[in-house]
Amino acid sequence: MRRTWKAGLSLFKIRAAEGLQYRLAALSGATISIFWALIEVVILSVFFRYGAKTADSVNSLTLAQGVSYVWLGQLMVMLQMPGVDTDLHQKITNGDIGIELCRPLDLYWHWFARSAAGKVNTFALRGGLVVVCGTLLTLLGFDRVGLGAPQSFLHFALFLVSVFSAFLFSGAWSMFLTSIRIPVTWGDGPINLITVTGSVLSGTYLPLQLWPDAMQSFLKLQPFASFLDTPARLFVGTVPIKTGLLSILLQLVWTCAFVLLGKLIMQHGLKSVIVQGG
Amino acid sequence: MEQILLHNISKSFQVHKRPEGRLGLLRGMFRRETECIRALENISFQINGGELVGYIGPNGAGKSTTVKVMSGILTPQAGECVIMGRTPWKERVGHVSQIGVVFGQRSQLWWDVPARDSFALLKDIYDIPAAAFQERLHELVSAMDIQPLLQTPVRQLSLGQRMRCEVAAALLHRPKILFLDEPTIGLDAVSKLALRDFLKHENRQSGVTMILTTHDMDDIEALCSRVMVIGRGNLLFDGGLDMLKQQFSPYRCIRAVTKIPADEMPIGGAVKTQVAGREWTVWFDPAATPAHSMVAQLAEQLPLADIMIERQNIDEIIAAMYREMKI
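Given the structure is predicted, the values throughout are model-derived calculations rather than measurements.

What follows is about the overall build of chain B. Across its full length, chain B carries 11 helices and 13 strands. Considered along the principal axes of its C-alpha atoms, chain B spans approximately 70 × 55 × 45 Å. Taking all 327 residues of chain B together, the buried fraction comes to 48%. Contacts in chain B between residues at least 24 apart in sequence constitute 70% of all its contacts with a sequence separation of at least 6. Put simply, chain B shows about 15,800 Å² of open surface, and 50% of that area lies on carbon and sulfur atoms.

Now for the interface of chain A and chain B. Contact with chain A, which involves 35 residues of that partner, is made by 31 residues of chain B. Summing both sides of the interface, chain A and chain B together bury roughly 2,900 Å²; the carbon and sulfur share of this comes to 57%. The largest contributions to the chain A side of the interface with chain B come from Ile14, Cys102 and Arg103 of chain A, which together make up 22% of the buried area. Inspection of the chain A/chain B interface yields two salt bridges. With a shortest N-O distance of 3.2 Å, aspartate 96 of chain A and arginine 106 of chain B are connected by a salt bridge. Viewed at the interface, chain B and chain A are joined by 10 residue pairs in polar contact (both at pLDDT 80 or more). The element that contributes the greatest number of residues to the side of chain A that touches chain B is helix 1 (residues 2-20) of chain A, accounting for 10 residues. Looking at side-chain class alone, the side of chain A that touches chain B contains 14 nonpolar, nine polar and 12 charged residues.

By convention, interface size is frequently given as the accessible area that disappears when the constituent parts associate. Here chain B is described as being made up of domain 1 (49-246) and domain 2 (250-311). When each unit is reduced to the centre of its C-alpha atoms, the spacing between domain 1 of chain B and domain 2 of chain B is 43 Å.

Turning our attention to the sheet that holds strand 2 (residues 33-48) of chain B. All names here are of chain B. Pairing in this open sheet of three strands is antiparallel, and the strands run 2-1-4 from one edge to the other. The sheet is open, and its two borders are formed by strand 2 and strand 4 (78-83), each paired with just one other strand. Neighbour-to-neighbour, the strand axes of this sheet turn through a mean angle of 25°, independent of strand direction. In this structure, strand 1 (residues 2-17) lies alongside strand 2, joined through 12 bridges in antiparallel fashion. Directly across from lysine 11, in strand 2, lies its bridge partner leucine 40.

Rules and cut-offs
- Residues numbered from 1 in each chain as written.
- Chains lettered and ligands numbered in written order.
- Predicted model: local features only at pLDDT ≥ 70, side-chain atom pairs only at ≥ 80, totals over all residues.
- Heavy atoms only, no water.
- Helix = DSSP H or I, 4+ residues; strand = E, 2+ residues; numbered from the N terminus.
- Buried < 20%, exposed > 50% of the residue type's maximum accessible area, 1.4 Å probe, protein only.
- Contact = heavy atoms within 4.5 Å.
- Areas by Shrake-Rupley, 256 points an atom, 1.4 Å probe, with all protein chains shown as cover.
- Buried area = accessible area lost by both parts, 1.4 Å probe.
- Salt bridge = Lys/Arg side-chain N within 4 Å of Asp/Glu carboxyl O.
- Polar contact = N/O pair within 3.5 Å; in protein donor to acceptor, adjacent residues only side chain to side chain.
- Nonpolar A, V, L, I, M, F, W, Y, C, P; charged D, E, K, R; others polar.
- Domains from an automatic or database assignment.
- Pairing = 2+ DSSP bridges.
- Axes fitted to C-alpha atoms, helices over the stretch in contact; angles between N-to-C directions.

What follows is the structure, encoded as structure tokens:
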């Protein structure tokens, strides 16, 4: 276990080194995210202005909160992509998984660290740039399109905790998808389908609060809220602190569930793994 | 005592086949034909510590599969395999910390970062103490002459340079057994020689057991005292290289060129003669007729211009062997 920890830290280091080599990629990625955020802000503004019955809030989400939610969405989406780490995906398809199996580590945690490390990179670099840009817009006076300030200091602190558990959840979710992928020779279709469903249910495309009332309790309990909805609600302050704490707990419960599931599937899959190629 | 023991190991794979014909692709979507390929059939052998064994066979014979079973990556359907007291696929983590692998077709280095970073990662993965790591790294770096390459991203290294780094990466944790799967594939002559020298040195110095699969017979000749030949999943030969030569190519060959064309005639002591114009090829059994008397015999019977005793070409021996065993 100690060895896995040490190796995990080392993996973070090497992946950071890898990511920092491609500054231009981070910059262009951030530009795309910022562009997306602005488009969504425009759509939300139009909706609030012409579609909503009362202009200040829909389902007790105000436009300003919705706009902040969208910016956070562009930050948190970095944890959702890619579903299966690109490196690991390649290793599974071309048979390099063989070399990974020659390492004296538990494959699940080894790969967990590896794919989580890959995410931290894009999250910090690309996501960081998105947040900076959103905040700058507000500071420069474009507060109707920029990322607003958090509700309160306490909300912000809980938001940070929740981002961290979202990160853990994303690792568990990724590994769940990866373990499904191991024994499959061909076919990313089903996995892409699951990934998109997850993204929709996380609130990345439309804040979950704007969905029909009848669905609200389901939306709050389903696992994908952990990706974005839980931290975003805490940041914009549409949940009281107590409920926020419970939702963080829920994030952790889902994380554990997916870790267990992923480990089970992986154990089963490794028995029948075929190392592709000579 | 033996370090590696395989007993009646068998492994088969399901292979999907696409039906032939113009609509084969379409039909294949609905009706799958599968074929069971028996990659290994009752393979048994023992290897002692410190041995350097060549494992050869044509493509698809089961070489890599055996290596994968021994390194704990694949679980065989039947049979027993004990390596240093462990069954590889059952105690994978304990087993792999004692072995090293080099797959010529795959890379264990991180593609986008310098090799030094990969080495540092391996240090933590294998939990090598810092002092021991530095010492070992220094040893390997100077033996393989890779000091100038350590800071370059791996993707910018040439194949030969990368392969040297790969071998160093596989030996950092001082494994007791090293599996080399076609380590010299695609390397130029100089890199091959350097790699062979290093492997030989490492085998003598640290007593690392090495199992080498290759298609390059010069690798085998330069490195291995013991050869195992596998074909269609069966172990066909296990013994010394000399024994292999003895068994499949007992005759030696002399090429002679005459000054003027001479009529074909029986040569005393020759097993077989072939004449093409002024060129004579004569096979003889060195056990019955010593080489020098064969040369003397030829000089007596033919107006010689030039003479050459050919070294036994191991490639030809192996080809002959594959033909003879129909593999």
